[in-house]
Amino acid sequence: MDPRLKTIVKNLDSWKLGLDDSFQFHCTACGKCCINREDILLTSRDLYNASKALNLAPTEFVNTYCECYIGQDSRIPIVRLKSRGSIKRCPLLKDHKCSIHSAKPAVCALYPLGRAMSFEKGSYNHAGVASGEILYFISPFNCGDKSETHTVREWLTDFNLPVEDRYFLSWHAFISEVCLFIRKIEGKVSDKLLDTIWTTIYQLIYLCYDTGEDFMSQFERNKTALLEIIQKSEQELGDVT
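From a predicted model like this one, the values you see are computed outputs, not experimental measurements.

Engineer: Describe the overall build of the chain, listing the residues and the values that go with them.
Structural biologist: In terms of regular secondary structure, the chain is built from eight helices and nine strands. Counting only residues that meet the buried cut, the chain has 42% of its 241 residues in that class. When the accessible surface of the chain is totalled, it reaches about 13,200 Å², and 49% of it is carbon and sulfur.

Engineer: I'd love a proper account of the pattern of salt bridges, names of residues and values included.
Structural biologist: The full count for this structure, using the stated rule, is 10 salt bridges. Residue arginine 166 pairs with glutamate 220 through a salt bridge whose shortest N-O separation is 3.5 Å. Placement of arginine 166 in helix α6 (residues 166-185) and of glutamate 220 in helix α8 (residues 215-237) is noted, with a sequence separation of 54 residues between them. Taking the shortest distance from any N to any O, the salt bridge between glutamate 220 and lysine 223 comes out at 3.1 Å. Of this pair, glutamate 220 and lysine 223 both sit in helix α8, separated by three residues, roughly a single helical turn. Looking at glutamate 220, the relative accessible area reads 24%, which means it is partly exposed. Accessibility expressed as a relative area gives 5% for lysine 223, which makes it buried. The network of salt bridges with shared partners includes Arg45, Arg115 and Asp165.

Engineer: If you had to explain the packing of helix α2 (residues 44-53) against helix α3 (residues 58-65) to someone new, which residues and values would you point to?
Structural biologist: The geometry of α2 relative to α3 is characterised by a closest axis approach of 9 Å and an angle of 90° between their N-to-C directions. Here α3 runs roughly perpendicular to α2, going by the angle between their axes. Two secondary-structure elements touch here, α2 through Leu47, Ala50 and Ser51 and α3 through Pro58, Phe61 and Val62. Of the residues that constitute the contact of α2 with α3, the class distribution is five nonpolar, one polar and no charged.

Engineer: Could you give an account of the nonpolar core, with specific residues and numbers?
Structural biologist: Counting residues in hydrophobic clusters, the biggest one holds 43 residues, and the most contacted among them are Phe61, Leu81 and Ile182. Contributing elements (two or more residues each) for this core: α2, α3, β4 (77-81), α6, α7 (191-207) and α8. When sequence neighbours within four positions are dropped, the list of residues in contact with leucine 81 reads Ile40, Leu42, Phe61, Tyr65, Cys66, Cys90, Pro91, Leu92 and Pro105. Counting residues in hydrophobic clusters, the runner-up holds 18 residues, among them Phe25, Met117, Ile138 and Cys143.

Engineer: Before we move on, can you summarise the packing of aromatic side chains with the specific residues and values?
Structural biologist: Overall, the coordinates contain 16 aromatic pairs when judged by the stated rule. Centroid distance tyrosine 48 to phenylalanine 215: 5.2 Å. Interplanar angle 50°. Geometry classified as tilted. Taken together, the residues span a long stretch of sequence, with tyrosine 48 in helix α2 and phenylalanine 215 in helix α8 at a distance of 167 residues. Residue classification places tyrosine 48 among the buried residues on the basis of a relative accessible area of 6%. With relative accessibility at 7%, the residue phenylalanine 215 sits in the buried group. Their ring planes at 70° and their centres at 5.3 Å tell us that tyrosine 167 and phenylalanine 215 sit as a pair that is edge-to-face. On the criterion of sequence distance, the pair formed by tyrosine 167 in helix α6 and phenylalanine 215 in helix α8 is long-range, its members being 48 residues apart. Ring pairing ties together the aromatic residues Tyr48, Tyr167, Trp171, Phe174, Tyr202, Tyr206, Tyr209, Phe215 and Phe219, which thus form one cluster.

Engineer: Residue-level account of α8, with values.
Structural biologist: Every α-helix carries 3.6 residues per turn, so stepping three or four residues along brings you back to the same face. Over its 23 residues, α8 extends 32 Å from the first C-alpha to the last, a length consistent with the 33 Å expected when each residue adds 1.5 Å. Here α8 has its buried residues at Phe215, Met216, Gln218, Phe219, Asn222, Lys223, Leu226, Leu227, Ile230, Ser233 and Glu234. Along its buried surface, α8 packs onto α2, α6 and α7. Near the N-terminus of α8, the side chain that reaches the backbone nitrogen of methionine 216, with its oxygen 3.3 Å away, is that of aspartate 214. Directly beyond the C-terminal end of α8, a positive phi value near 55° is found at glycine 238.

Criteria and cut-off values
Residues numbered from 1 in each chain as written. Predicted model: local features only at pLDDT ≥ 70, side-chain atom pairs only at ≥ 80, totals over all residues. Heavy atoms only, no water. Helix = DSSP H or I, 4+ residues; strand = E, 2+ residues; numbered from the N terminus. Buried < 20%, exposed > 50% of the residue type's maximum accessible area, 1.4 Å probe, protein only. Areas by Shrake-Rupley, 256 points an atom, 1.4 Å probe, with all protein chains shown as cover. Salt bridge = Lys/Arg side-chain N within 4 Å of Asp/Glu carboxyl O. Axes fitted to C-alpha atoms, helices over the stretch in contact; angles between N-to-C directions. Parallel < 35°, antiparallel > 145°, perpendicular 65-115°, else oblique. Contact = heavy atoms within 4.5 Å. Nonpolar A, V, L, I, M, F, W, Y, C, P; charged D, E, K, R; others polar. Core = buried A, V, L, I, M, F, W, Y, C linked by side-chain atoms within 4.5 Å. Phe/Tyr/Trp six-rings, centres within 6.5 Å; stacked < 30°, edge-to-face > 60°. Expected span 1.5 Å × (residues − 1). Polar contact = N/O pair within 3.5 Å; in protein donor to acceptor, adjacent residues only side chain to side chain.

Now the structure itself:
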């Protein structure tokens, strides 16, 4: 697990905030939160929004600004912004400012807040039905100042992030299903077949989007298609899983 994520998990209880809890932070537009970063992981919605803002197809955006790898723990394809230079700056940082500010990834819009999902065992299934709790937290930051006070709810509203984020919940439930599937079959199928499965997952999760069409309808379509492939594969593999 990434060291930053380990720190968050370790301190989540003490860092956790409710929607109407307050925190002190004022962005001074110094750009420090956009350097020394190799942990800006993109969801399908992040990728769609950023691609649309730059008038690029998702594939073009990934090829230009991102790198893809298989997660050490998740074992599924991960897309992250590829840092540049010795200061490891975000490739979208221009003159100390985000070049896609209105469409920046949710993890950036939330900063200095973070959020995570808490699921009860068995709370999601192949139909994409899930019930869980979105947890918000604030971790130590080394930029800006503390001259402003905000509530979590106000911060979300200011950045057009829904308090009841149906996508965020569905995304994590979906990704959890895909992770479970890969963990079942990895090491039990041929490398060639596993590569084919990874490629299919990568394309359906991140790339099969038209930025001229509604995002959520495409996400639900791709999610359904991939979960159907998983179900069919599990049936065909039989004893392998």
